[in-house]
Amino acid sequence: MVNGPEDPSFDWDAVDWRTCEQEVRRLRQRIFKATQEQDWAKVRSLQKLMLRSRSNTLLSVRQVTQRNAGRKTAGVDRKVALTSAARAQMTERVRQGIGSWKPLPVRRVYIPKAQGKQRPLGIPVILDRCHQARVRNALEPEWEARFEPRSYGFRPGRSCHDAIEVLYNTLRGKRSKRVWILDADLKAAFDRIDHTYLLSTLGKFPARDLIAGWLKAGVFEAGKGLTPTDEGTPQGGVISPLLMNVALHGLEEAAGVRYRTEPSKAGDTAPGAPVLVRFADDFVACCHSRQEAQQVRERLAGWLTQRGLSFNEDKTTLVHIADGFDFLGFNLRGYPNRKLLIKPSKTAVRRIRERLAAEMRSLRGSNAVAVIARLAPIVRGWAAYYRGVVSARVFQSLDAYTWHLTWRWARRGHSRKSRTWIVDRYYGQFNKFRGDHWVFGDRDSGGYLVKFSWTPIVRHTLVKGRSSPDDPAQAEYWARRRTRVKPPLDGYTLRLLTRQEARCPLCGDHLLSAEQPPQSPQEWERWWQTVTRKAIAADYLRNVGGPGSPDGDHIRLVHAGCHRGHLTRVRNSPALHSSAPSRPA
C-alpha cells in the first residue's frame, strides 16, 4: 500500500488516510534508524523509496491543499486546489512530475512587521509546495537523527514552549551560575543563506538538484518582473524552515556547548559550558560571565559568516538576567531573591490589545454572533500559547479590556437604549459551569465569548533530550506523551478528543497531534477555526464504507473542511438522506 491507489480517477474522499500515514511514518522511521547506524547507502535507498511513494504524495497534497493556512494563496500561476476533484487531479500532476519537474519562480508578497516594517515572503506555486512537502518527508527524518538536542524550531514534536522550559530549568534557582545572556538576532536569515554551503551540506540526497532548483528559481514581483536569487531560501516555502535548520546545524558546538557523557546524566550540559537554545533563526546563549558571552558571540560571528549569515547588531545584546530579556514572545527575568519569572512580553500584550481593538472596530454594525465568532478563536489561541507561564494577571487584565471593548460596541450599536437594557441583552451567566454573570453572549443562540482567564495555567512538559517521533525506539514515549500532555481545551472538548483518539472521524487524520504542536498564538487560533463540533451522520459513513461509528449521530470533533465536504456528499446521495441526516450541533 506504499504506493496507494493507482487509478487516476480515484475518489479523493475515499482514500484511507490512516493507512497512508502509517506507511509514511514507517518509512520515516526506517530512514531515521539507518541514519543513526550511519548506513548511508540504505538511507539514500529509503529516501528514493519515500520520494516515489504514492502515500507520501497523497499526504503531501492533502497537507498543502487542505491543511495548511496558505492553501488559498496562489503562486505566480494563480492556481489553487480547494475541491476534492482538484486535489485528486493535483495528486496525479505531482506523480507525473516526479523526476522531471522544473521549479517555477515564487511570487513576492509582504506582510507587516513591528515598527511599521514589512517582511518579504516568497509564495511558490501550489505544485512546487506539494513537491516540497514530498521532499521534506524524505529529508527531515535523516536530519532529525542528526540535529542538536536544544534545537526546537519547526521540528516534529517540538515547540516554543520546550525552548522556554529549557531556559527556565537553566536560569532558575539560587545555584544557577549562568546569569549573562547573549540575546541574538540574525539579519534576514532566510534571505541570506549561502546556496553553495547549504547544497554541500545536503550531500548526496536524491532530491538535491530539485532543492537547488527551488533555491535558484527567482522571485517575481509586480512592477519589477523576475529577479534571480543567488542566496537565501524564500519564506513561505514548505521546505524553507527545514533548510534553515540544516544550515544552522552545529551552532551549539560552535558556541562551545558540551554535554555530559555519564549514562545517568546524559543530556545535561557539562559544568562550565554555556547553554544555547535555538528556535529556527532565534537563539539565546546562557553564559557564566559577560566575558564568556562576548567570546561566544565572536566565535559564532565567524561561524555564521561561512553560511552567509550575520548578527543584526542593533538587536543582538548582552544582558544580565536581572535586567530580563524577551524571547519568542515571553519575558524572562531574574529577581533579587534569584526567583525567575516568565511572563508574556509587554510587546505581545500590546499587540493582542491592538488586534482586539482593530477587530472590534471592523465589527461595528455586526451582530453579537459575528463578534463571538471573530474574537473567540483569538482569545483561545492567545491564552493557549501563554498558559504555561505566569499569565494569570495578564489574562485578567485582557478580560477587563475585552469587556470594555464589547461594552463600547454594544453602546455604540444601541445608543438610544439604557445601560440596563444592554446588560440584559448582551451579558449574563451564559456559561452555566461558571458563576460569572458578566459574560458577553447572544441570547438567541446561547453562544458566548470565552475569557482569557478560563484557560488554566498548566506547566509545559519538556520534550526529552534528542527525542523524535521518527525514532522507532521511542514509540512508547510519544504514545505516553500524547495521553499525558493535555491541550488547552475545556473538559467537554477533551472528553470528545479522548473518545475519538484525537482523530477526525471523517478523514481519520489527527485533530491535534503531540508530534506537530501549534507553534504560535496564530497557529492555535487557526486550529480553533478549523476544528468544530458537529453531529455527523454515522449511518452515511458506514454505508459508504468510511470509518463510521456505531453510536449514531452523536456530537464529535471534526475538521470544518471535512464537515463541509460531508454535507455536500450527503446532499448528493438522495438514497441516504432519510437514514443519514447531517445537522449542526
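Refer to the structure above for everything that follows.
The numbering scheme is per chain: residues are counted from 1 as the chain's sequence reads. In view of the model being predicted, local features appear only for residues whose pLDDT reaches at least 70, and side-chain atom pairs are presented and counted only at 80 or more, with totals across whole chains, interfaces and linings using the full set of residues. No hydrogens and no water enter the side-chain calculation; it runs on all heavy atoms of the structure.

Moving on to the overall build of the protein chain. Here a strand is any run of E in DSSP of at least two residues, a helix any run of H or I of at least four, and the numbering for each starts at the N terminus. A tally of helices and strands in the protein chain yields 21 helices and 16 strands. Burial classification: accessible surface area is computed with a 1.4 Å probe over protein chains only, and a residue below 20% of its type maximum counts as buried, one above 50% as exposed, and the rest as partly exposed. Taking all 585 residues of the protein chain together, the buried fraction comes to 51%. By the convention used here, residues are in contact when the closest approach between their heavy atoms is within 4.5 Å. If you take every contact in the protein chain between residues at least 6 apart in sequence, the share linking residues at least 24 apart comes to 68%. Method for areas: the Shrake-Rupley scheme with a 1.4 Å probe, in which residue coverage is limited to the protein chains shown. Approximately 27700 Å² of the protein chain is accessible, and the part contributed by carbon and sulfur atoms is 49%.

As summarised here, the arrangement of the 4 strands in space is E2-E1-E4-E5, forming an open sheet in which the pairing is mixed. Each edge of the sheet is formed by a strand with only one pairing partner; in this case those strands are strand E2 (118–123) and strand E5 (225–227). Geometrically, the sheet is characterised by an average inter-axis angle of 40 degrees between neighbouring strands, direction not taken into account. When DSSP finds two or more bridges between a pair of strands, those strands are recorded as paired. Pairing geometry for strand E1 (residues 106–112) and strand E4 (residues 219–221), over 2 bridges, is parallel. From the neighbouring strand, Val106 faces E4, where its bridge partner is Val219. Orientation is described by axes fitted as lines to C-alpha atoms, over the contacting stretch for helices, and by angles from 0 to 180 degrees between their N-to-C directions.

The next subject is the environment of Val76. Considering the arrangement of structural elements, one finds Val76 in the loop between helix H3 (54–67) and helix H4 (84–97). With relative accessibility at 30%, the residue Val76 sits in the partly exposed group. Taking the C-alpha atoms as reference, Val76 lies 8.0 Å from Ile123; in sequence the two are 47 residues apart. Residue contacts for Val76: discarding those within four places in its chain leaves Pro105, Val106, Arg107, Val125 and Phe220.

Between two packed helices, both the angle of their axes relative to each other and the distance between the axes serve to describe the pair. Remark: helix H5 (residues 126–144) packs on helix H9 (residues 208–215), axes separated minimally by 11 Å, with the N-to-C direction vectors making an angle of 135 degrees. In terms of orientation, H5 lies oblique with respect to H9. Read as a crossing pair, H5 and H9 show a hand that is left-handed. Seen from H5, the contacting residues are Asp128, His131, Gln132, Arg134, Val135 and Leu139; seen from H9, they are Leu210, Ile211 and Trp214. All amino acids are sorted into three groups, where Ala, Val, Leu, Ile, Met, Phe, Trp, Tyr, Cys and Pro are nonpolar, Asp, Glu, Lys and Arg are charged, and the leftover types, Gly among them, are polar. When the residues that make up the contact of H5 with H9 are grouped by side-chain class, the tally is 5 nonpolar, 2 polar and 2 charged. Roughly parallel here means an angle under 35 degrees, roughly antiparallel means over 145, roughly perpendicular means 65 to 115, and every remaining angle is called oblique. Crossing handedness is read from the near helix: turned anticlockwise from the far helix by less than a right angle, it gives a left-handed crossing, and turned clockwise, a right-handed one.

A word on the pattern of salt bridges. Each salt bridge in this description consists of a side-chain nitrogen of Lys or Arg and a carboxyl oxygen of Asp or Glu lying within 4 Å of one another. Within the structure shown, the criterion is met by 20 salt bridges. A salt bridge links Glu21 to Arg25, with the shortest nitrogen-to-oxygen separation between them at 4.0 Å. Taken together, the positions of Glu21 and Arg25, both in helix H1 (residues 17–36) and 4 residues apart, correspond to about one turn of that helix. By relative accessible area, which is 10% here, Glu21 ends up buried. Residue Arg25 is classed as partly exposed on the basis of its relative accessible area, which comes to 33%. Across the pair Arg28 and Asp470 runs a salt bridge whose closest N-O atoms are separated by 2.7 Å. Of this pair, Arg28 sits in helix H1 while Asp470 is found in the loop between strand E13 (439–440) and helix H17 (475–484), placing the two residues 442 residues apart along the sequence. With relative accessibility at 9%, the residue Arg28 sits in the buried group.

Of the two site types, the cavity is a set of points on a 1 Å grid over the protein atoms alone where a 1.4 Å probe fits but cannot get out, and the pocket is an open set with protein on both sides within 12 Å along at least five of seven lines, each lined by residues with an atom within 4 Å of a point. Grid points are joined across faces, edges and corners, and a volume is the space filled by probe spheres set on the points. For the structure on display, the rule yields 4 cavities of 30 Å³ or more. For the largest cavity, the full set of lining residues is Asp399, Thr402, Trp403, Thr406, Tyr427, Trp438, Val439, Phe440, Leu449, Val450, Lys451 and Phe452. Elements with a minimum of two residues in the lining of the largest cavity: helix H15 (392–413) and E13. Considering every element that reaches the lining of the largest cavity, the biggest residue donor is H15, with 4 residues.

This part takes up the side chain of Glu144. Mapped onto the fold, Glu144 is located in helix H5. A polar contact of 3.1 Å, which involves the side chain of Glu144, links it to the side chain of Ser468. Residue contacts for Glu144: discarding those within four places in its chain leaves Phe32, Arg155, Pro156, Ser468 and Asp470. Any pair of nitrogen or oxygen atoms within 3.5 Å is treated as a polar contact; in protein, a donor-acceptor pairing is required on top of that, and neighbouring residues in sequence qualify only through side-chain atoms on both sides.

A word on the sheet that holds strand E9 (residues 325–327). Reading across from one edge, E9-E10-E11 is the order of the 3 strands in this open sheet, with antiparallel pairing throughout. Two strands close off the open sheet at either side, each with one partner strand: E9 and strand E11 (340–344). In this sheet, neighbouring strand axes are inclined to one another by 30 degrees on average, regardless of whether the strands run parallel or antiparallel. Both E9 and strand E10 (residues 330–334) contribute to a ladder of 3 bridges, which runs antiparallel. Across the sheet, residue Phe327 finds its bridge partner in E10, namely Phe330.

Two rings from Phe, Tyr or Trp (for Trp, the six-membered ring) form a pair when their centres are within 6.5 Å of each other. A pair whose planes differ by under 30 degrees is stacked, one over 60 is edge-to-face, and the rest are tilted. Scanning the model with the defined rule gives 22 aromatic pairs in all. Aromatic pair Tyr385 and Tyr386: ring centres 4.8 Å apart, planes at 85 degrees, arrangement edge-to-face. On the accessibility criterion, Tyr385 (3% relative accessible area) is buried. Taken together, a centroid distance of 5.5 Å and an interplanar angle of 75 degrees make the contact between Trp409 and Tyr426 edge-to-face. Remark: Tyr426 occurs in helix H16 (residues 419–426) and Trp409 occurs in helix H15; sequence separation between them is 17 residues. Each member of the pair Trp409 and Tyr426 is classed as buried.

Here a patch means residues that are over 30% exposed by relative accessible area and free of salt bridges, tied together within 9 Å if like-charged and within 5 Å if nonpolar (Val, Leu, Ile, Met, Phe, Trp, Tyr). Only four residue types enter the charge count, namely Lys and Arg as positive and Asp and Glu as negative; His and the chain termini do not. Where a charge lies is defined by one atom per residue type, namely NZ (Lys), CZ (Arg), CG (Asp) and CD (Glu). A cluster of basic residues, Lys113, Lys117, Arg119 and Lys315, forms a positive patch on the protein surface. Turning to its location among the elements, Lys315 is positioned in the loop between helix H12 (290–305) and strand E8 (317–320).

In this section: the pairing of E1. As defined by bridge partners, E1 adjoins E2 across 6 bridges and the pair is classed as antiparallel. Residue Arg107 lies in a different strand from E2, and its bridge partner there is Ile123.

Take Arg307: it is sitting in the loop between H12 and E8. By relative accessible area, which is 6% here, Arg307 ends up buried. Between the alpha carbons of Arg307 and Ala247 there is a distance of 7.0 Å; along the sequence they are 60 residues apart. Apart from the residues lying within four places of it in its own chain, the contact partners of Arg307 are Arg192, Ile193, Asp194, Tyr197, Ala247 and His249.

Residues Val135, Ile211 and Leu300 are the most contacted members of the largest nonpolar core, which totals 81 residues. Each domain's extent is set by a domain assignment, obtained either automatically or from a database. There are two domains that each give this core at least three residues, and those are domain 1 (252–343) and domain 3 (486–572). Aside from chain neighbours lying at most four places away, what touches Leu300 is Leu251, Ala254, Ala255, Leu276, Phe283 and Phe311. Judged by nonpolar contacts, the second largest core, of 66 residues, contains Val277, Trp409, Tyr426 and Trp454. By convention a nonpolar core is built from buried Ala, Val, Leu, Ile, Met, Phe, Trp, Tyr and Cys residues, the set being connected through side-chain atoms within 4.5 Å.

Function cannot be read off these values alone, since they describe shape.
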